[in-house]
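Residue-level listing of the chains:
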Amino acid sequence: KMVASKNDFEKIYNMFSANIAKKLDCGKICAPLNNGQPACCTTENAIPIVEKEEWKLLKSRTDLWKRFKPFDKASKKIVDELPSDTCAVECKGASLCERDNRSLACRSFPFFPYFDSKGTLLGLTCYWEFEDRCWVISNLHVVEKQFVSEMIRAYEFLFKKDGDQREAFIDESKRMRKVFSRRNEPIQLISRKMEYLMILPKSKGRVIKTDALSFIPYKPFTSDKDYKKAIKEEGKDPKKYSLPKRPTTNF
């Protein structure tokens, strides 16, 4: 069985370091809805999973990370069901982040490589389970081209080294099609050429080109009113926060 080595993950880190967005810190937008922490930086929301070879690399570079200890039934189930060549980890938190020592899962969030039913990599889509907590999923217009190209290049390198990783994302893409077909919603994608695509539900995978502002935001990011209401429900002062203005036309 082929697996990516510690050195392979070092190469992946070197080729994939771009920020999702240059002009804003998206973590500050979602933090009021997540006990003051960015949605992607707390194991209460997302538990980083790494290959054991990646774990070796992280341990050799930094003391930022440790093995994740389950804190409830749900997190114990996640850990118990992990493949034997992976492990769950956690870092010291967003305030102590070392950007060069982020895991591949951290660098990618909330995106994953999307494959169509024929096994073709079409581009990047988002882990839909986080659409109510991650602002970026509702605002794909902020995503930088450099981030998209670096992420796709890094994962294509990984897939050459580890076919199981590719199969895992093919399965995740298949699961997404089932979920969005039931919801009767299009899947939103960014292609390697920075095209915005929609895969229409119940259409045998029909893909149409669109623009980023045609993607419909998810609650509570649908309006400033909805956002402030959600913050109030979290027990925070809604007057201290507001959503960035969405552009009215594409760039």
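Remember, predicted model here, so these are calculated numbers, not experimental data. (Residues numbered from 1 in each chain as written. Predicted model: local features only at pLDDT ≥ 70, side-chain atom pairs only at ≥ 80, totals over all residues. Heavy atoms only, no water.)

> Go over the overall build of the chain with me, naming the residues and quoting the values.
Helix and strand content of the chain: eight helices and eight strands. In terms of overall size, the chain behaves like a compact globule, its C-alpha atoms giving a radius of gyration of 18 Å where 251 residues would be expected to give roughly 18 Å. By its C-alpha atoms, the chain is 50 × 45 × 35 Å across when sized along the principal axes. Across the 251 residues that make up the chain, the buried fraction comes to 47%. Sequence-distant contacts, at least 24 apart, represent 68% of the contacts inside the chain between residues at least 6 apart. Summed over all atoms, the accessible surface of the chain reaches about 13,800 Å², with 50% contributed by carbon and sulfur. Across the chain, the centroid of the 49 positively charged side chains sits 3 Å from that of the 35 negatively charged ones. (Helix = DSSP H or I, 4+ residues; strand = E, 2+ residues; numbered from the N terminus. Rg over C-alpha atoms; globule rule 2.2 N^0.38 Å. Buried < 20%, exposed > 50% of the residue type's maximum accessible area, 1.4 Å probe, protein only. Contact = heavy atoms within 4.5 Å. Areas by Shrake-Rupley, 256 points an atom, 1.4 Å probe, with all protein chains shown as cover. Lys, Arg positive; Asp, Glu negative; His and termini not counted. Charge placed at Lys NZ, Arg CZ, Asp CG, Glu CD.)

> Lay out the packing of aromatic side chains with the relevant residues and their values.
Enumeration over the complete set of coordinates arrives at 13 aromatic pairs. Arranged with centres 6.0 Å apart and planes meeting at 85 degrees, the rings of Phe-68 and Phe-71 form a pair that is edge-to-face. Judged by centre distance (6.2 Å) and plane angle (40 degrees), the rings of Phe-221 and Tyr-227 are tilted. Of the two residues, Phe-221 and Tyr-227, neither departs from the other in class, the shared state being buried. An aromatic cluster is built from Phe-112, Phe-115, Tyr-127, Tyr-155, Phe-159 and Phe-169, whose rings are joined through pairwise contacts. The ring of Tyr-13 is capped by Arg-107, whose NZ or CZ atom sits 4.0 Å from the centre of that ring. It is Arg-183 that lies over the ring of Phe-180; its NZ or CZ is 4.4 Å from the centre. (Phe/Tyr/Trp six-rings, centres within 6.5 Å; stacked < 30°, edge-to-face > 60°. Lys NZ or Arg CZ within 6 Å of the ring centre and 35° of its normal.)

> I'd like a rundown of helix α7 (residues 163–183), residues and numbers included.
The end-to-end C-alpha separation of α7 is 30 Å, in line with the 30 Å expected for 21 residues at 1.5 Å each. Those residues of α7 lying buried are Gln-165, Phe-169, Ile-170, Glu-172, Ser-173, Met-176, Val-179 and Phe-180. Residues of α7 that are buried sit in contact with β1 (49–51), β4 (111–115), β5 (121–126), α6 (145–161) and β6 (187–190). You can read the cap of α7 off the contacts: a side-chain oxygen lies 3.0 Å from the backbone nitrogen of Asp-164, and it is on Asp-162. Looking one or two places after α7, you find Asn-184, whose phi comes out positive at around 55 degrees. (Expected span 1.5 Å × (residues − 1). Polar contact = N/O pair within 3.5 Å; in protein donor to acceptor, adjacent residues only side chain to side chain.)

Note that all results are geometric; they support no functional claim without further evidence.
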